[in-house]
Amino acid sequence: MFKRALFLGVVSGLLAGVAGLIYAHVYLTTTGADFSKVASSVRIIASCLFGGVLAAIGFTLLDKWLKDKGEMVFNLLFSLLSFVSLLGPIAYKLPLDMETPELFPGMAIPMHFFPALAWFTLKPLFFKRGKV
């Protein structure tokens, strides 16, 4: 079970990372605000992969400990943690030489939901309904 969850975490993390890169590019072309010094491609991919692997560990542990309620608790926690993680880009102090720092949260905040969206989207491909 952990192997499937880990594979789901890696695949969903990569999918979220690619979505993040696409979103960052669209944001750059739309607004002209370049935050690649702060949110580089490597950082976007790495943070999404980290979120996916962390989700796999959490999913496996909660499913093991809470049995039938594990998935429900995991989904709730994953969603809540995604919202809590928004404090990071809101509180982040950009370097003084950055132009249009007020646009940074508009780029970074949506990306914090990409790992959860990718996980919830791909999970049915890895686990049958009602069977983990």
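Let me begin by describing the structure that accompanies this report.

1. Thoughts on the overall build of the protein
Line of reasoning, step 1. For the protein, the count of helices and strands is 6 helices and 0 strands.
Line of reasoning, step 2. Listed by position from the N terminus, the elements making up the protein come as α-α-α-α-α-α.
Line of reasoning, step 3. When contacts within the protein are restricted to residue pairs at least 6 apart in sequence, long-range pairs at least 24 apart make up 80% of them.
Line of reasoning, step 4. Accessible surface, the protein: about 8,300 Å² in total, of which carbon and sulfur atoms supply 71%.
Line of reasoning, step 5. Of the charged side chains in the protein, 12 are positive and 7 negative; the average position of the first set lies 17 Å away from that of the second.

2. Concerning the packing of aromatic side chains
Line of reasoning, step 1. Tallying each qualifying case throughout the model produces 13 aromatic pairs.
Line of reasoning, step 2. Pairing Phe 59 with Phe 127 gives two aromatic rings, centres 5.4 Å apart and planes at 50 degrees, and the pair type is tilted. Here Phe 59, found in helix 2 (residues 41–66), pairs with Phe 127, found in the segment after helix 6 (114–126); they are 68 residues apart in sequence, far enough to count as distant.
Line of reasoning, step 3. You can call Phe 127 buried: its relative accessible area is 2%.
Line of reasoning, step 4. Judged by centre distance (5.8 Å) and plane angle (65 degrees), the rings of Phe 78 and Phe 120 are edge-to-face. Taken together, the residues span a long stretch of sequence, with Phe 78 in helix 3 (residues 70–84) and Phe 120 in helix 6 at a distance of 42 residues.
Line of reasoning, step 5. Given the relative accessible area of 32%, Phe 120 is considered partly exposed.
Line of reasoning, step 6. Among the aromatic residues, those joined into a ring-pair cluster are Phe 59, Phe 74, Phe 78, Trp 119, Phe 120 and Phe 127.

3. Points about the pattern of salt bridges
Should their charged atoms come close, side chains of opposite charge can pair.
Line of reasoning, step 1. What the rule picks out here adds up to 1 salt bridge.
Line of reasoning, step 2. Taking the shortest distance from any N to any O, the salt bridge between Glu 71 and Lys 123 comes out at 3.0 Å. Of this pair, Glu 71 sits in helix 3 while Lys 123 sits in helix 6, placing them 52 residues apart in sequence.

4. So, the environment of Cys 48
Line of reasoning, step 1. With respect to the helices and strands, Cys 48 occurs in helix 2.
Line of reasoning, step 2. On the basis of relative accessible area, Cys 48 is assigned to the buried category, the value being 5%.
Line of reasoning, step 3. Taking C-alpha positions, Cys 48 is 23 Å from Pro 95, a pair spaced 47 residues apart along the chain.
Line of reasoning, step 4. Not counting residues up to four positions away in its chain, the partners in contact with Cys 48 are Gly 13, Ala 16, Gly 17 and Pro 115.

Calculation criteria
- Residues numbered from 1 in each chain as written.
- Predicted model: local features only at pLDDT ≥ 70, side-chain atom pairs only at ≥ 80, totals over all residues.
- Heavy atoms only, no water.
- Helix = DSSP H or I, 4+ residues; strand = E, 2+ residues; numbered from the N terminus.
- Contact = heavy atoms within 4.5 Å.
- Areas by Shrake-Rupley, 256 points an atom, 1.4 Å probe, with all protein chains shown as cover.
- Lys, Arg positive; Asp, Glu negative; His and termini not counted.
- Charge placed at Lys NZ, Arg CZ, Asp CG, Glu CD.
- Phe/Tyr/Trp six-rings, centres within 6.5 Å; stacked < 30°, edge-to-face > 60°.
- Buried < 20%, exposed > 50% of the residue type's maximum accessible area, 1.4 Å probe, protein only.
- Salt bridge = Lys/Arg side-chain N within 4 Å of Asp/Glu carboxyl O.

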